Every structure is written in C-alpha cells, then in structure tokens.
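What follows is each chain in one-letter form.
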Amino acid sequence: MDKGSVLFDVEVPIFCALNSIFRLHLPSKFRSMQFLHPELLYALFALSIPVIIHLFLFKRFKKVYFTNFSLLKELQIQSRKSAKLRHLLVLLVRILAMAALILAFAEPYLLHRKRNLQAHASTVVNVFVDNSFSMQSRSEEGSLLDEARKKAREIALSYPISQSFRLLTNQSNTFAKPAVNREIFLSQLEQLNTEPSTLYLDRLSSMLDQESDEGSDVFVISDFQKSQARLHEWSSDSLHHFFLIPLKGVVQSNLFVDSLWIEAPFLQQGFAFEIQFNIQNYGPQEWVDVPVNLEVNGVKKAVLTTSLSPFEKKKCTFNFLPDQSGKFMASVHIQDYPISYDDDFFFSFEVQASYSILCISSKTSASEVATYLKSDSTFKPTFIDESQIDFSSFSQYKTLVVNGLSEFSSGFAASVVDFVNQGGNLIVVPSKQSNLKSYNSLLQSLGLPSFQSLDTGQFRLSRIEQQSDEFQSIFTEEVKQNTDFPSSQSRFLMSGNQSSNRVLWSDEAGNPLLVKSIKAIGTSYLFSFDLIETNSNFSHHSLFAPLLFNLFTHTNQFEYSYFVLGQKNSYKHAIPAGCEKMTPSLLMVNDSLSLIPEFRQIQSNWVFSFQQNPQVAGYYSLQCSDSILDILAFNFNRDESFLDYHSEDQILENLKDKLKENLVILDAQHKDLSKQLELDRKGQPLWKLFVLLGFSLLIIELLLLRFRK
C-alpha cells in the first residue's frame, strides 16, 4: 500500500523534542507527521478506560480495632498524598505507553510540509533532462549528460514500479509524447544524445500546463546555463512541483568561431578575396598556436595558427583565390574538447566567371557607360538598341541598364518590373527628352519617385550618403565641403519620395540626383540627370568608375553566406519558370535528410523562414523537383558556447518568490539520489521510535510498581 494513498496530517511540535532526545538527526524540512494507517488512531479512545477506573473505583479502607499501641510499630508509615501522586504517575506512564504502541501500529512518518501529497501515484512524473550542447561539458563522472542520465535513472528507481514517467528534453515535441512505464523510460534515457536547444527552461511550466491541467512532480536536471535558464522569466503561477537538480561541470574553456563575413562586392574567378571571422576563447585557459583550417568543397585550402588569452576575442583572415566559378561550400574548422558542436562554422559563396550586364540604349544616349563596361574585364556586357529588345532574355543577366530611352512600351515596362521582382539589378538613366508620363508609370511600379519637370541651370553634385554600400568603399575619409564634385547642366525634379527609397546623392539644394529602391529581392537605381557628356562632366570625374562598378554589382553583395538555426531567418528566392505550382525542398548535402521548409509565395518569389527547420547544421541544397536552385549553409546558435551557469544560491534567489512552496532544490552531489528522493517522497518512518518509546514507558511503569512499597 502506497503511503500517499491515505493521508492524515498532524502538527507535532512534541516530536521536535523527541528528535533532540533520541538524536534522529531529522532534516529541518520535515515538519508534519502523517500516518500510513490512520484508522488505527481510533484505538486512542481506549485510553479513557483506565482514567474512568481511576476516577470511579476508589479504594475503600477497612476499620481495625486494637488496644495495643505497640502494633503500630509493625505498620509502615505512609503518606496519603505521596501514595496518590505515585498512583497518578503509574496511570500517566501506562496511558503514554499504550498511546505510543497505538501510534506505532498506525505507522507514523514525517514529511516535507511543502509537498502536496495528494495521491501522486495516479499522475505522471515528468523528468526533464537537459540535452543541450552545453551538457557536453565534463564532470567528475564523465560528461554532464552522462551524469544527468544517472540522476534520471535514480529518480525512476525511487518510485514504485507501476509509476508512469515522461522524459522531457530541450525539444518541445517531447512534451506531447505519452507517458511510459519505468522500463521504457530507462530505455529512452540510454538513447538520449545532445541536440541543439529549441527550448528555454522558463517555458517548462507553460508547456506542461498546455498538456495537462493537473499538477505533477517535475524533475529538472540541467547545468542551468544562463543563456538557456532565463530564471527572471519563470512563471509565478504553476500547478506543478519543481525539483531542480543543478549539475556542476569542471571549470574549462571553450574555443569557437562566432561570426564570419566576406566584404567583397562580388566574387570573381581568378581574383582573390578575404574571408574574415571572429574566433573567441571563453574561459580561463590560455590557448597557444591553435590551428585553424579553411575547407572548401571538402578540401583543406588554408591553415593558420593563432593564440588567445583567457576570454579574448580575435579577428582572423583567410585569403582565398578561386580558380573556377560556381557555388562553393566552405567551413572554418577548429578543434577543442569537450564542447565540440561549435568547432565548425559553415558558409557558402558563389563565384562568377564574369558579371553579365544587358545595356539598352538609344541612338542619342551617353556612350560613356558602354565605354566603361568594355574597358573593365570584370563585366560581360551585351549592348542592344531599344528597337531590338528581347524581353525573354532579361533573366540571363544580373544587371539591366536602361540608358537614355525617351519612353517605355507597356510590355517593356512589365518585363522590367518582373526582372526586378526576380532579384535583378536595374539602373535607369533618363534622357532630357524623356516622356514623363511613360517614365512615371514605370517608376511608380518600381517604388521610385516620379519626375516632375526638367530643371536647367548649373548644379553641383555635392551631397552623398557616405555610409551607404554604394559610397562607403569609395571614400575612406569623411568628405569635405571643398571636395571637387562633378556638375550638371540639367536634372529632373522628383516627387513622391517613399519610405522604401533612399537618396544616395543630391545637389547643394538637397534635390535628389541618385535614388535607390528595393522591391521584392531586386534593387533599382534612378539617376535624375542625363550622363551624356554635353549635360554633365560626371563621366570624366574620378567618381564615375567606382560608383558605376558598385551600382552594377550591388545585387551580388554577400547577404546569405550562412543562417543561424533557430533564429528568425528570412530568405527570398525567385521562383524559376516551371516551378510556380511546385513545392521547394531542402536536401542535406551528403545525407539523406530531406525536408520542406516553411515558405510563402509572394508575387514571383518564395519567401522562406528557417526558424523551425532545419535543425542540424551543415549544407543544404534548395531544390525544385531535381533542379538545384541554391546551396545554403546553416550553423548552430553560439549562445551555448558561453559557459556561464547559475549557482544554487542564484537559482533559489530568483525562483523562491515565484515558485514559493512548489520549489525544491536537490543536492546533485548526493551519492544515492534515489534514497534521498524516497525519503523526501515517502517520509521518515517513526514506528520504531514509538515502539521504543512504548516499551521504555512500560519499563518505567514496572519500576514504579516495584518500588511502590
């Protein structure tokens, strides 16, 4: 019979004294006494029988007549008061002895007052085992995960064999799984491995409340890493009783790469570029001559060594020269122990053989743009006249330059808008003879400001947005007012500047000269003046070549080198022809893992969200049917790389006012946790104490009767 099935709670201050007398060494948390068989306590009413006998059956004295006073010498002198007191003592000791024996048969035990011992045998015992990457840390018994498995096993063994358990982990789907018996639970423990965490500990209570409206015992075995525990976020309203078991690892350092970037505007075959990354040493250990490897497509391409002081963060650089074009899968690799999940930092990049540009011009447009494109080997330009436009060929180019056209047909305008929506880069240079109605129809579709009228006069092109991507690489120092800027004889006034626009260049009066607009995943640039030599000296200025280079190559900025798992990543990709009604998928490279990511279709683009999937770091090919559209790299979140943990005092300080009586912190260093839990759950048995007390009182009674005379 389970002790929790029948409860009878009695406050027993007298047992505190008994505890001191008999030196039971009971923990201070045991403050209330309960009985396994409380029905036997009705026998205490039988204690009234000797009291009744004592009150109503008085001893009658017999008269004896005598004349010889010498007989009094044979009588023992007795005091009536002392006899009465001795009689009362015998009565009291006898009652106490009987009471002690009755209480012993009722099997009393002391229990934690904070526990609500309503028949938990009928509910599920939830055991949360932290299997996040930080549990790879070492302890005296192996890894922290090994120690957590051991503690969970001891918890299960402290309950009756009929008890049901649910194994909870950092994966939220485990909260919806059904409870299992002890044998299956122990088997699940053996199969548990470290995985990326998708759950903060403060969500435990709310997620348990979603699954059940009944209270239960919840054991939380964790290292209570600060980035995951979030103690200040714990709910103060919970039906559950939390037993926290903080594990302590050996103090150590962790070495990891926390970020990486490529600053080149675009990557071209045969041209070297820099891969920069931050490597961090989080811990008191000093690292000397640590090898760091760069692998590209599975082949080691470069090695460097670096040294780091305790808690130092250092920037390092690899130089890489691509000898071919295409999409590359790369990683920066270091090796430390035991935290190894963050040893690889994955990223991907694309190298172009050349940059394809389509330039559409009129017979009167500026030839300076074509001259520049022909002189730079970076570009592979195609020049066509406005009368020879093939709308279907736009998708073959990265950038489309519309130079000096007077007007646009409806078909041309629709194709240009579709090109930008597909991720293309558009540059519009007006002509002084531009048809404003035709232009404004296209500009409004692209989210660009409209042209009002042509304003003539001498204008100095003097104000630039120096922090923009287009100008930042051109000027290494702050631009001064006396800087020699180009000028123009005319320009169009603009109106309707929208929030999606950004003015990159303006004249002295603040009128826009170059405006940028981002629509969908494409970018549009609009000049307000004609670049022809007779209108502006811009084509002869030192600013001309670097600015055009940045404008032409901007769409290939390095935006998606990698994603972080579990974060709100957003990624857009133009829907290829023939895939409009198909579902894209992610296929892990060199693995059979395949999944369908969360996505939405907005106009002619897929917009992906990778917060839920994938969950494993590495390379994934984005596919439509069997066609590979892109190669994406994913990395584990580096939050767990910072080895900061809450102490028991910090846990108690943060949670004592929130969980109040529903919180117990157990000592993970206890050699046998199952006995500790069994004592806490079943209580301290006292029947032996009461048997000893009862027999002791009977002996006292015999001694009182023996020396009565």
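Please read all numbers here as calculations on a predicted model, not as lab measurements.

Basis of the calculations
Residues numbered from 1 in each chain as written. Predicted model: local features only at pLDDT ≥ 70, side-chain atom pairs only at ≥ 80, totals over all residues. Heavy atoms only, no water. Pairing = 2+ DSSP bridges. Helix = DSSP H or I, 4+ residues; strand = E, 2+ residues; numbered from the N terminus. Axes fitted to C-alpha atoms, helices over the stretch in contact; angles between N-to-C directions. Salt bridge = Lys/Arg side-chain N within 4 Å of Asp/Glu carboxyl O. Buried < 20%, exposed > 50% of the residue type's maximum accessible area, 1.4 Å probe, protein only. Parallel < 35°, antiparallel > 145°, perpendicular 65-115°, else oblique. Contact = heavy atoms within 4.5 Å. Nonpolar A, V, L, I, M, F, W, Y, C, P; charged D, E, K, R; others polar. Patch = residues over 30% accessible without salt bridge, like charges linked within 9 Å, V, L, I, M, F, W, Y side chains within 5 Å. Areas by Shrake-Rupley, 256 points an atom, 1.4 Å probe, with all protein chains shown as cover.

A. Local environment of the sheet that holds strand β15 (residues 313-320). Strand order in the open sheet made by the 3 strands is β10-β12-β15, with antiparallel pairing throughout. The open sheet has two free edges, formed respectively by β10 (254-261) and β15, since each of these has just one partner strand. Pairs of neighbouring strands in the sheet enclose a mean axial angle of 30°, with direction left out of account. As paired strands, strand β12 (residues 273-282) and β15 are joined by 8 bridges and run antiparallel to one another. Residue pairing for β15: F277 is matched across the bridge by C316.

B. View of the pattern of salt bridges. The full count for this structure, using the stated rule, is 8 salt bridges. Measuring nitrogen to oxygen at the nearest pair gives 2.4 Å for the salt bridge that ties R94 to E701. Placement of R94 in helix α3 (residues 80-105) and of E701 in helix α15 (residues 687-706) is noted, with a sequence separation of 607 residues between them. By relative accessible area, which is 33% here, R94 ends up partly exposed. On the basis of relative accessible area, E701 is assigned to the buried category, the value being 9%.

C. Structural detail: the sheet that holds strand β28 (residues 563-564). Ordered by their spatial adjacency, 5 strands build an open sheet running β28-β35-β34-β30-β31, and the pairing between neighbours is mixed. Of all the strands in the sheet, just β28 and β31 (594-595) have a single pairing partner and so form its edges. As defined by bridge partners, strand β34 (residues 618-624) adjoins strand β35 (residues 627-635) across 7 bridges and the pair is classed as antiparallel. What sits directly across from L622, in β35, is D630.

D. Representation of the packing of helix α8 (residues 368-375) against helix α12 (residues 544-553) within the structure. α12 packs onto α8 with a crossing angle of 80° between their chain directions and a minimal axis gap of 11 Å. Overall, the two elements α8 and α12 adopt an arrangement that is roughly perpendicular. Mapping the contact onto sequence places E368, V369, Y372 and L373 in α8 and F544, A545, L548, F549 and F552 in α12. Looking at the contact of α8 with α12 residue by residue, the class counts come to 8 nonpolar, no polar and 1 charged.

E. Up close: a nonpolar patch on the surface. A cluster of nonpolar side chains, I699, L703 and F707, forms an exposed patch at the surface whose accessible area comes to about 320 Å². Note that I699 resides in helix α15.

F. Inspection of the environment of G270 at higher detail. Tracing the chain through its elements places G270 in the loop between β11 (267-268) and β12. Taking C-alpha positions, G270 is 9.9 Å from F320, a pair spaced 50 residues apart along the chain. Dropping the residues within four chain positions of it, G270 is found in contact with L321 and P322.

G. Representation of unusual backbone geometry. Cis peptide bonds are those with omega within 30 degrees of zero, and the linkage from Y337 to P338 qualifies with 10°. Tracing the backbone shows P338 in the loop between β16 (326-333) and β17 (344-352). Cis geometry is adopted by the peptide bond preceding P614, which originates at N613 and carries an omega value of 0°. In this fold, P614 is placed in the loop between β33 (605-609) and β34. The phi angle at F224 is positive, at roughly 50°, despite the residue not being glycine. Among the structural elements, F224 can be located in the loop between β8 (217-222) and α7 (226-229). Residue F224 is classed as buried on the basis of its relative accessible area, which comes to 0%. Backbone geometry places N590, a non-glycine residue, at a positive phi of 60°. Considering the arrangement of structural elements, one finds N590 in the loop between β30 (585-588) and β31.

H. Just the pairing of strand β4 (residues 124-129), in detail. Most of β4 is tucked away: 5 of the 6 residues are buried. In this sheet, strand β7 (residues 164-168) lies alongside β4 in parallel orientation, the contact comprising 5 bridges. Residue N126 lies in a different strand from β7, and its bridge partner there is R166. One ladder, built from 4 bridges, connects β4 with β8; its direction is parallel. Within β8, the residue paired with F128 across the bridge is V220.

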